[in-house]
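# Report on the structure
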Amino acid sequence: RPELNDGEVLTLACEATNAMLHRQERVSSRDSGSTLTLVLATGDKLVVANVGDSRAVVGTRNKETGAVAARALSRDQTPYRADERARLREAGARVLTIDQLTGRAPPTDDYLCELGDEIDEKGDPPRVFLPD
């Protein structure tokens, strides 16, 4: 639909995907997080949108050496990032692990990690809880 701008195209794609997932009986999003990476290629332009801990990466090959270099086109949007936790809290959300939510672990804001670190070895990552 040529009358739509890039943002409108990405929004429609997200809404259509969400609707398809909700029509699936075997898919339950009740206790799930969300992750999405979308790349819209138009002409010589790439528009990238991402939600959650997913990322878009493009690889380019050096014509002379044949070496391939990876370049990130997005950043993970995850509560492991301090700036993302601050943004979520500003919007009224709580960021806690299930153990913190249920009182089995004290609340903390110590989720520091670097790309490539083994994180969440116990299976209890920080989650986002929005007000009702």
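Residues numbered from 1 in each chain as written. Predicted model: local features only at pLDDT ≥ 70, side-chain atom pairs only at ≥ 80, totals over all residues. Heavy atoms only, no water.

## Description of the overall build of the protein
Within the protein, the secondary structure is distributed over three helices and six strands. Starting at the N terminus and walking to the C terminus, you meet the elements of the protein as α-β-β-β-β-α-β-α-β. When the 132 residues of the protein are sorted by exposure, 20% land in the buried category. Contacts in the protein between residues at least 24 apart in sequence constitute 42% of all its contacts with a sequence separation of at least 6. Only carbon and sulfur atoms are counted for the fraction: they give 51% of the accessible area of the protein, which is about 10200 Å². (Helix = DSSP H or I, 4+ residues; strand = E, 2+ residues; numbered from the N terminus. Buried < 20%, exposed > 50% of the residue type's maximum accessible area, 1.4 Å probe, protein only. Contact = heavy atoms within 4.5 Å. Areas by Shrake-Rupley, 256 points an atom, 1.4 Å probe, with all protein chains shown as cover.)

## Concerning the side chain of R85
Along the polypeptide, R85 turns up in helix α2 (residues 82-90). Non-local contacts of R85, meaning those with residues more than four positions away in its chain, are made with P79, Y80, V95, D109 and Y111.

## Describing α2
Within the span of α2, buried status applies to E84, R85 and L88. The arc enclosing the buried residues of α2, seen along the axis, measures out at 100 degrees, which places them on a common side. On its buried face, α2 is in contact with β5 (94-96) and β6 (127-129). G92 sits one or two positions beyond α2 and adopts a positive phi of about 95 degrees. (Arc of directions from axis to C-beta.)

## Focus on the pairing of strand β2 (residues 45-51)
Put simply, side chains in a regular strand alternate between the two faces of the sheet. Here strand β1 (residues 36-42) pairs with β2 via seven bridges, running antiparallel. The partner of V39 across the bridge, within β2, is V48. Linking β1 to β2, which pair antiparallel, is a turn of two residues; within it G43 sits at a positive phi near 60 degrees. (Pairing = 2+ DSSP bridges.)

## Description of the pairing of strand β4 (residues 68-72)
Within β4, only zero of the five residues are buried, leaving the element largely exposed. Bridge count for strand β3 (residues 57-61) against β4 is five bridges, and the pairing is antiparallel. Residue pairing for β4: V58 is matched across the bridge by R71.

## Section: helix α1 (residues 6-22)
Helix length check: α1 (17 residues) gives 25 Å between terminal C-alpha atoms against 24 Å at 1.5 Å per residue, within 8%. In this structure N5 caps α1, since a side-chain oxygen of it lies 3.0 Å from the backbone nitrogen of G7. (Expected span 1.5 Å × (residues − 1). Polar contact = N/O pair within 3.5 Å; in protein donor to acceptor, adjacent residues only side chain to side chain.)

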